[in-house]
Amino acid sequence: MGLTILGFHLLGHAQIVLPTYPDSIFNTYYHQRASLFTSIPATNRDIIFLGNSINDGAEWAELFNDIRIKNRGISGDMTTGILHRLTEVTDRKPAKVFLMIGINDLGRGVSPDSVVKNILLINDYIKQETPSTKVYIESILPVNPSFGKFAGQVSKVKEILQANALLKSAAKAHGFAFIDLHSSFVNAQGYLDSKYTNDGLHLVGAGYQLWRHLIYPKVFDLTEKPALIPMPKKVDWRAGYFSLDEGKSLEAQVKIELIASADKNEAYELKVSPNNILIKASTQHGVFNAMQTLQQLARNGQTIDAVEIQDAPAFAWRGYMIDVGRNYLSMDLLKQQINIMAKYKLNVFHFHATEDIAWRIAIKQYPQLTAPEYMLRNKGMYYSEADIKELIAYCKARNILFVPEIDMPGHSAAFKRAMRTDMQSDSGLVIVKNILKEFCTTYDVPYIHIGADEVKITNPNFIPEITKYIQSFGKKVIGWQPGGNFLDSTIRQLWMDDLGKITNDKQIQYIDSRHLYLNHMDPLEAVTTIFNRQLANKDQGDQNALGAIICTWHDRAVSTQEDVLQMNPVYPAMMAFAERSWRGGGQPGWIANISYGDTKAFAEFEARLLNQPFYLHAQIPFPYQRQSQLEWQLYDGNEKYIKAVTGGTIVLRHWWEPLIKGAIDSLQPNSIWYAQTEIWSDENTTKPFWIGFNNLSRSPATDSHPMGEWSFNKPAVWVNNQMIAPPDWKRGAQKGNAEIPLSDEGYEYRSPTMIPLQKGWNKVRIKIPIDQLKGKDWQNPAKYMFTFVPVAQ
C-alpha cells in the first residue's frame, strides 16, 4: 500500500478530481471498515474523525458524549486510503472533519512534502464538495522508539516535525484550521511521552483523554479557554489540567480552606493544578462563588485547565426582578430563573407580586385578596405561604437574598377591588398594616420593598407611617425613586435619572435600575447597553451605591408563561449584567449601539456569552445571536456615505433621545437613510435571518405592524437586489391592546426569515424612511432602528 499522489488532478476550471486506485492494493480490514461506513445511513450535522489506527482506536462518541461524532479511522491507513474513500465522507456533508493522517506514509518512506500534498488534496476536495464543512487538520503525533516497535514509524521524528511545519504554514491559504497536538504529547527528549503510549505509536487512555481535552472547544465551537461569566478579576492560566474522578462529585474533589480576611465576604481564591483543586475564602458565600466558577471551568466534565484565580465582586447587590403580579409564573419557572441567577453569581431576587392586575400573595386575614374574581389575568393563580417560604429557602440555599415587593399605595387596584377601599384611606391603612404584620412575622426576610411610585399621594402620612411600621419588625425598607415621600432610611431603587437628587445625602443608599428594564429592550441592544454600562455612575459600589437590579416588567398579557422569557432577553441580559455588576467599570451614560462602546471588549465578551447555552445543558430561551462581526455603512437620502457602525441591531435614533444616543446625531423628519453590508456564504444555500425594524416593547399596548409592511414607516430590505417580503402578520394592523398577547411581532419570537444566498459575498441593502420623530402617542413611540443578523444553525 505504498501509492502516494504527489499532486492532484484538475478538470475544467480548477475542478478537483480524486485519483483512482484498484481495490486490490488495500487490505481486508480496510475494506471491512470502508464497506461498513458506506452502509451506514447519512445523518445531519455529523462530526467526523478521519484517519488511521490512532483514530480507529478511540470511542469518540463516548469520549465526547455526542452521537453526532463518527469514527472514520482505519488501522494502517495512509493518505492514499483516505483519498480512495473520501467520497463517503463528503457525501454526508458533515459539519466538521477532524483529520489526522500521515505517520504510516512517513513510515514507508514517503517524504514529508509528498505527505502534506496529499493531505492538502484531501482538504481541498472536502472544501470543494461540501464548502460549509469546517476542516481541522491535526498535527502528526510524536513517536517513541524506546519500546522497540514499529521501526518504520518511530524513526521519523525529524520528518514528523517537517510535515507538521508544512501543514501549519499551509493552513491559511487552504482554509483549514491547524491543531498542534504534537507539542502537548512530546516529552523533553522530543519523543511521545510514555505516559500516553505503551508501544511508542498508539495511545493509551491517558493519551485519548489529553487529545479530548485539547480539541474539546473546537468540537463544540467553544472559546479556547473556558468562557467564564462573570470573568474573575484576576485569571492566570497555567500548564496542564486536573483530571476529574468520575466516581466522585466535583465538590468531593475540592479542598476548601476558610481563611481570615478583611476582604469582601464574597471574595475567593481558586487554584487548579494537575494534582488538586484548592478554594480559599473567608465565608461560605465566597466558597459558593468559587464553586460556580469551578463548574464553568469543568465544562467538559472530565478535565479542568490548570489556573489560579483571585476574585471579588465590585457591587454588593447584583439583582434580578420579575413581575409576577401582571403575569403569574409557576414555581418551576421561577426556580429556573433563580438557578441561572446563582450560576452567574447574582445575589438578589426581587419578587414583584402585587399589581393592578392581581394580588398574588396569600394573606390569611384577607383571603379575598387572592380570590379569582378580583384578578384580571391568571385568575386564581397566586403564591401560598408554603410557596413563598419555599422560594425564600430556595434562594437562601443559593446565597440569594429574597426581596419581596408589596406595591403601595400605587399599583394597588387589585387591593381596592378586593378590600373595597383605597390604601391611603384610614381603613386602607389599617388593612395594609395588618397585611404587613402578618407578612413580617411569617417570613424571614430582612427587606420589604414598598414600591410607592407612579401614584398620587393623597395621604402624606401613609409612606412615612408604613415605613416606620415595617422597621418596627426589624426590616429595612426599599422604594422606587422617583416615588413617594420617603424617609432617609429608605433604600431608593432608581428607575429614572434621579440619581442627582439623592447622592448629595450621604445617608441614602440606592440601587440602580435606570435603563435596565428588559421589557423595553431589543434583545441585541440589551446585551450591548448592559455590557457597556457603568452602574450607579460608579466603577464599584460603596456604602451608598449598593449595586443594581435588572427588571422584567412584561405588562402585556402572554399566551404562555414561557413567553415572558422568550419575548424579553432575560437570560442573555442577565449574563451581561452579571459580568458588569461583578467586574464593575463600564462607561458613563447609556448607549444603544456597539460602536459607541468598547468594541474589542464587547466582541470578547460576546464569544463567552454565546458559549453559555452549551454550558447550561438545558433548553432555555436564549434570544441572542452573534452581532459584533457585522459592520454597516450608513448613507443619507442622497446616497452620501456618513459613517460605519457595528452590530446586528442598529438604532438610528433612540426613542429616549437625547438620553440615549443613536447612530445618527441629527436625524431629521421626512428623510430617508440607507444601510449596507455584505454577508459571506461558502455555497449557494438558503439561511435563516433575524430581520426587524421596530422591536415592540412588551409594556405599552403598541399597535401591531401594518399588513404588507415591516413596520409603520414602510422600511425595506434587499439581498442581492431581491426585495425580502415581510411576514404575513398574524395580527397585522391590530390596535394595541394590553390583553391581546404579542405573537409574531418580534423577530426573536417568530420563525426566522429564510433568505437565498449565493456563494461568496452577498450584498444587503436596507432602507429606513424617517417619518415624524415623535410617535403618535406614548403607547406607540417612533423607533427608527433595524435588525439584520444571521441565525446560527
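Description of the structure in this document. (Residues numbered from 1 in each chain as written. Predicted model: local features only at pLDDT ≥ 70, side-chain atom pairs only at ≥ 80, totals over all residues. Heavy atoms only, no water.)

Here the focus is the overall build of the protein chain. A count of helical and extended segments in the protein chain gives 23 helices and 32 strands. Computed over the C-alpha atoms, the radius of gyration of the protein chain is 31 Å, within 12% of the 28 Å expected from 2.2 N^0.38 for a compact globule of 793 residues. Seen through its C-alpha atoms, the protein chain measures out along the principal axes to roughly 100 × 65 × 45 Å. When burial is assessed residue by residue, the protein chain has 58% of its 793 residues classed as buried. Put simply, 73% of the contacts in the protein chain that link residues at least 6 apart link residues at least 24 apart. (Helix = DSSP H or I, 4+ residues; strand = E, 2+ residues; numbered from the N terminus. Rg over C-alpha atoms; globule rule 2.2 N^0.38 Å. Buried < 20%, exposed > 50% of the residue type's maximum accessible area, 1.4 Å probe, protein only. Contact = heavy atoms within 4.5 Å.)

A general trend in soluble globular proteins is that nonpolar side chains are found buried together. Of all hydrophobic cores here, the largest spans 129 residues; its most connected members are Phe349 and Phe788. Looking at which element gives the most residues to this core, the answer is helix α21 (residues 570-583), with 8 residues. The contacts of phenylalanine 349, once residues within four sequence positions are left out, are Tyr320, Ile322, Leu334, Ile338, Met341, Cys395, Ile400, Leu401, Phe402 and Val403. (Core = buried A, V, L, I, M, F, W, Y, C linked by side-chain atoms within 4.5 Å.)

With that settled, consider the pattern of salt bridges. Summed over the entire model, instances satisfying the criterion amount to 31 salt bridges. The partner of arginine 92 in a salt bridge is glutamate 88, and the shortest N-O contact between them spans 2.5 Å. Using a relative accessible area of 10% as the deciding quantity, one classes glutamate 88 as buried. Arginine 608 serves as the salt-bridge partner of glutamate 604, at 2.8 Å between the closest nitrogen and oxygen. Of this pair, glutamate 604 and arginine 608 both sit in helix α22 (residues 599-609), 4 residues apart, roughly one helical turn. Taking relative accessible area as the criterion, glutamate 604 reaches 39% and is therefore assigned partly exposed. Because the salt bridges share partners, they merge into one network encompassing Asp236, Arg238, Lys271 and Glu308. (Salt bridge = Lys/Arg side-chain N within 4 Å of Asp/Glu carboxyl O.)

Here we take up the sheet that holds strand β11 (residues 277-281). Consider a sheet: its strands pair through backbone hydrogen bonds, and that pairing is either parallel or antiparallel. Spatially, the 5 strands line up as an open sheet ordered β8-β12-β10-β11-β9, and their pairing is mixed. Because the sheet does not close on itself, it has two edges, and the strands there are β8 (234-243) and β9 (254-258). Neighbour to neighbour, the strand axes of the sheet diverge by 20° on average, direction disregarded. Of the strands in this sheet, β8 and β12 (303-311) are in contact with helix α11 (residues 205-219), which crosses β8 at around 150°. This element, helix α12 (residues 284-297), spans β8, β9, β10 (268-272), β11 and β12 of the sheet and lies at about 35° to β10. (Pairing = 2+ DSSP bridges. Axes fitted to C-alpha atoms, helices over the stretch in contact; angles between N-to-C directions.)

With that settled, consider helix α17 (residues 462-471). Along α17, the residues that are buried comprise Phe462, Ile463, Pro464, Ile466, Thr467 and Ile470. Taken together, the buried residues of α17 touch α16 (426-442), β16 (447-449) and β17 (476-481).

What follows concerns the packing of helix α19 (residues 523-532) against α21. Following both chains from N to C, one finds α19 and α21 inclined at 10°, their axes separated by 8 Å at the closest point. The angle between α19 and α21 places the two elements in the roughly parallel class. Here α19 contributes Ala526, Val527, Ile530, Phe531 and Asn532 to the contact with α21, which in turn contributes Pro572, Ala573, Ala576, Phe577, Glu579 and Arg580. Classifying every residue of the contact of α19 with α21 gives 8 nonpolar, 1 polar and 2 charged. (Parallel < 35°, antiparallel > 145°, perpendicular 65-115°, else oblique. Nonpolar A, V, L, I, M, F, W, Y, C, P; charged D, E, K, R; others polar.)

Within α11, the axis deviates most sharply at histidine 213, by approximately 35°, and proline proline 217 lies no more than four positions further along. With 11 of its 15 residues buried, α11 lies for the most part within the structure. Just downstream of α11 lies aspartate 221, where phi reads positive at about 60°. (Bend = angle between axes of the 7 residues up to and from the residue.)

We now examine the side chain of glutamate 579. Structurally, glutamate 579 is set in helix α21. A distance of 3.0 Å separates a polar atom in the side chain of glutamate 579 from the backbone nitrogen of methionine 231. Apart from the residues lying within four places of it in its own chain, the contact partners of glutamate 579 are Leu228, Ile229, Pro230, Met231, Phe531, Gly584, Phe605 and Arg608. (Polar contact = N/O pair within 3.5 Å; in protein donor to acceptor, adjacent residues only side chain to side chain.)

All right, on to the sheet that holds strand β22 (residues 631-635) then. Here we have 6 strands laid out as an open sheet, ordered β23-β22-β26-β31-β28-β29, and antiparallel in their pairing. Strands at the two margins of the open sheet, each flanked by one partner only, are β23 (641-646) and β29 (722-723). Looking at chain direction, β22 and β23 are connected through 5 bridges and run antiparallel. Among the inter-strand pairings, tryptophan 632 is bridged to a residue of β23, identified as valine 645.

Turning our eyes to something else, we now look at the packing of aromatic side chains. Tallied over the full model, the rule gives 38 aromatic pairs. Between the aromatic rings of tyrosine 208 and tryptophan 211, the centroid separation amounts to 6.0 Å while the plane-to-plane angle is 10°, which identifies the pairing as stacked. One end of the pair, tyrosine 208, and the other, tryptophan 211, are both in helix α11, 3 residues apart, so they sit about a helical turn from each other. Among the residues examined, tyrosine 208 registers a relative accessible area of 9% and is labelled buried. Here a set of aromatic residues connected by ring pairs shows up, and it is made of Phe49, Trp60, Phe64, Phe98, Tyr136, Tyr208, Trp211, Tyr216, Phe220 and Phe614. The residue whose ring lies beneath lysine 134 is tyrosine 136, and the NZ or CZ to ring-centre distance is 5.8 Å. For the cation-ring pair, arginine 212 lies above phenylalanine 64, with the distance from its terminal atom to the ring centre recorded as 5.7 Å. (Phe/Tyr/Trp six-rings, centres within 6.5 Å; stacked < 30°, edge-to-face > 60°. Lys NZ or Arg CZ within 6 Å of the ring centre and 35° of its normal.)

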